[in-house]
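Summary of the model geometry
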Amino acid sequence: MSDYRSIPCDSYDHFEIAILHGQRLRVTWHDEQARQHVETLCPRDLQTRNGAEYLLADMQTGQRIELRLDRIVQALPLELP
């Protein structure tokens, strides 16, 4: 059983809108070791696996990252390119 905690629907909707519009986000999250990260990401997709939801995004370096949605502390939209 997963320890995943669902996020509010409006937060999920914000991720979907950012994906649809190619909106970059300034995302703050905690990893599995509780370390905080802050990166500018380009969200690509949302996936559900094993009872948890994930944001798939590209970092500025081009590296693909998967973030569990309940570990995201903040996601602020940046100006459209």
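Report on the accompanying structure. Since we're looking at a predicted model, the values are computed, not measured.

By the secondary structure assignment, histidine 21 is in helix 1 (residues 9-21). What makes histidine 21 exposed here is its relative accessible area of 56%. Along the chain, histidine 21 and aspartate 31 lie 10 residues apart, while their C-alpha atoms are 27 Å from each other.

Moving on, we get to the side chain of aspartate 70. Topologically, aspartate 70 is positioned in the loop between strand 4 (64-68) and strand 5 (72-77). Residue classification places aspartate 70 among the buried positions, given a relative accessible area of 17%. One polar contact links the side chain of aspartate 70 to the main-chain amide nitrogen of arginine 5, over a distance of 3.1 Å. At a separation of 2.7 Å, a polar atom in the side chain of aspartate 70 contacts the side chain of arginine 68. Not counting residues within four places of it along the chain, the set of residues in contact with aspartate 70 comprises Asp3, Tyr4, Arg5 and Ile7.

On to the pattern of salt bridges. Summed over all chains, the structure comprises 7 salt bridges. Across the salt bridge formed by aspartate 3 and arginine 68, the nearest N and O atoms sit 3.0 Å from each other. Separated by 65 residues along the polypeptide, aspartate 3 in the segment before helix 1 and arginine 68 in strand 4 bring together distant segments of the chain. Judged by its relative accessible area of 55%, aspartate 3 falls in the exposed class. Where arginine 44 meets aspartate 58, a salt bridge forms, and the shortest distance between an N and an O atom there is 2.7 Å. Of the two residues, arginine 44 is situated in strand 2 (residues 36-49) and aspartate 58 in strand 3 (residues 52-59); the sequence distance between them amounts to 14 residues. Look at arginine 44 and you get partly exposed, because its relative accessible area is 43%. Look at the salt bridges and you will find they share partners, linking Asp3, Arg68 and Asp70 into a network.

Moving on to the nonpolar core. In this structure, Phe15, Leu41, Leu69 and Ile72 are the most contacted members of the largest nonpolar core, which totals 19 residues. Element by element, the count of residues in this core is highest for strand 3, at 6 residues.

Let us look at the sheet that holds strand 2. Sheet strands pair by backbone hydrogen bonding; their relative direction is either parallel or antiparallel. Spatially, 5 strands are ordered 4-3-2-1-5 in an open sheet, and the strand pairing comes out antiparallel. Every interior strand has two partners, whereas the edge strands, strand 4 and strand 5, have only one. For this sheet the average axis-to-axis angle between neighbouring strands, irrespective of direction, equals 45°. With respect to the sheet, helix 1 is in contact with strand 1 (25-30), strand 2, strand 3 and strand 5, its orientation differing from that of strand 2 by roughly 95°.

Conventions used here
- Residues numbered from 1 in each chain as written.
- Predicted model: local features only at pLDDT ≥ 70, side-chain atom pairs only at ≥ 80, totals over all residues.
- Heavy atoms only, no water.
- Helix = DSSP H or I, 4+ residues; strand = E, 2+ residues; numbered from the N terminus.
- Buried < 20%, exposed > 50% of the residue type's maximum accessible area, 1.4 Å probe, protein only.
- Polar contact = N/O pair within 3.5 Å; in protein donor to acceptor, adjacent residues only side chain to side chain.
- Contact = heavy atoms within 4.5 Å.
- Salt bridge = Lys/Arg side-chain N within 4 Å of Asp/Glu carboxyl O.
- Core = buried A, V, L, I, M, F, W, Y, C linked by side-chain atoms within 4.5 Å.
- Pairing = 2+ DSSP bridges.
- Axes fitted to C-alpha atoms, helices over the stretch in contact; angles between N-to-C directions.

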